[in-house]
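# Chains, contacts and geometry: an overview
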Amino acid sequence: MGMAADDISAMIKAALPDAEVTITDLAGDGDHYAAHVVSAQFAGKSRVAQHQLVYKALGGRMGGELHALQLTTAVPN
Amino acid sequence: MSDTSENPAGARIAEIVGGNDVVLFMKGTPLFPQCGFSSRAIAILDHLGVEYASVDVLQDMEIRQGIKAFSDWPTIPQLYVKGEFVGGSDIMMEMFEAGELQQLMTDSAVKPAA
């Protein structure tokens, strides 16, 4: 079972309230997503630390329920 | 890094990571990756032309679980260079596109592929 794009977005925003989240359903199958997350909370953090913040927001679903989430992160301009 | 009582594979993982300049924990093998993300990671490493070791986590459940705790990272593949966790395939791709992964390999004096 996959997750709905809206659920993914909502979980990320719950943990990172300022985040702009763009979810793309890559295969149209509700299982392979790309997420682009822009948040001021990433400032000064390494890419690994930025991704870890998003993974923590997803509360352990990453790698389980959410098998295929391509993730990119950025700090707002 | 986690202690070995909680992570029985921790000592083996530390040995693999410490014993190889570049090592990719992946699903499948470089010739036959079993997942799109692992396949992408291998394509990047091959393109960089560096010598690397790979560990097929599908052959070892203890490492498959242990590697996630080792780096506090929930997914596979995982790339380590000179003992440091670099990231998964998304970070590898971002760094590659920015020229940062090439730079890291150069700075780390990694051997070219044979």
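Residues numbered from 1 in each chain as written. Chains lettered and ligands numbered in written order. Predicted model: local features only at pLDDT ≥ 70, side-chain atom pairs only at ≥ 80, totals over all residues.

In this section: the sheet that holds strand β3 (residues 78-81) of chain B. All names here are of chain B. Overall, mixed pairing links the 4 strands, which are arranged β2-β1-β3-β4 in an open sheet. Since the sheet does not close on itself, it has two edges, and those belong to β2 (53-56) and β4 (84-87), each with one partner. Sheet twist, expressed as the mean angle between neighbouring strand axes with direction ignored, is 25 degrees. One ladder, built from 4 bridges, connects strand β1 (residues 22-26) with β3; its direction is antiparallel. When the sheet's bridge partners are listed, valine 22 is paired in β3 with valine 81. Those strands touched by helix α2 (residues 36-48) are β1 and β3, and its axis lies near 160 degrees from that of β1. (Pairing = 2+ DSSP bridges. Helix = DSSP H or I, 4+ residues; strand = E, 2+ residues; numbered from the N terminus. Axes fitted to C-alpha atoms, helices over the stretch in contact; angles between N-to-C directions. Contact = placed C-beta atoms within 7 Å.)

Residue and element names in this part refer to chain A. Alignment of strand β1 (residues 20-25) against strand β2 (residues 32-38), held across 6 bridges, turns out to be antiparallel. Counted as the bridge partner of threonine 22 is histidine 36 from β2. Here β1 hands over to β2 after 6 residues, with glycine 28 in that stretch at a positive phi of 70 degrees.

Let us look at the environment of Tyr80(B). Residue and element names in this part refer to chain B. Relative to the helices and strands, tyrosine 80 resides in strand β3. With 25 C-beta atoms packed within 10 Å, tyrosine 80 lands in the buried category. Taking the C-alpha atoms as reference points, tyrosine 80 and glycine 18, 62 residues apart in sequence, are found 9.2 Å from one another. Look past the residues within four positions of tyrosine 80 in its chain and what remains in contact with it is Val17, Val23, Phe85 and Val86. (Buried ≥ 20, exposed ≤ 12 C-beta atoms within 10 Å, placed from the backbone.)

To continue, consider the interface of chain B and chain A. Contacts between the two partners involve 9 residues from chain B, matched on the other side by 10 residues from chain A. Counting only elements with at least two residues in the side of chain B that touches chain A, the list comes to β4 and α4 (89-97) of chain B. The element best represented in the side of chain B that touches chain A is α4(B), accounting for 3 residues. Here the residues of the side of chain B that touches chain A are counted per class, giving 3 nonpolar, 2 polar and 4 charged. (Nonpolar A, V, L, I, M, F, W, Y, C, P; charged D, E, K, R; others polar.)

On to the confidence of the model for chain B. The predicted model of chain B averages 93 in pLDDT, with 95% of residues at 70 or higher. Across the predicted assembly, pTM comes out at 0.90 and ipTM at 0.84. (pLDDT = per-residue confidence, 0-100.)

What follows deals with the sheet that holds β1(A). Residue and element names in this part refer to chain A. Read from one edge to the other, the open sheet built from 3 strands follows the order β1-β2-β3, with strand pairing classed as mixed. Each of the sheet's edge strands pairs with one partner strand only, and the pair in question is β1 and β3 (68-74). The sheet shows a mean angle of 15 degrees between the axes of neighbouring strands, taken without regard to direction.

Regular strands place their side chains on alternate faces of the sheet. The sheet contact formed by β3(B) and β4(B) spans 3 bridges and is antiparallel. For Val81(B), the partnering residue across the bridge sits in β4(B) and is Glu84(B).

Attention shifts here to the confidence of the model for chain A. In the predicted model, chain A carries a mean pLDDT of 91, and the fraction of residues at 70 or more is 97%. The spread of mean pLDDT over the elements of chain A runs between β3(A), the lowest at 92, and helix α2 (residues 47-57) of chain A, the highest at 96.

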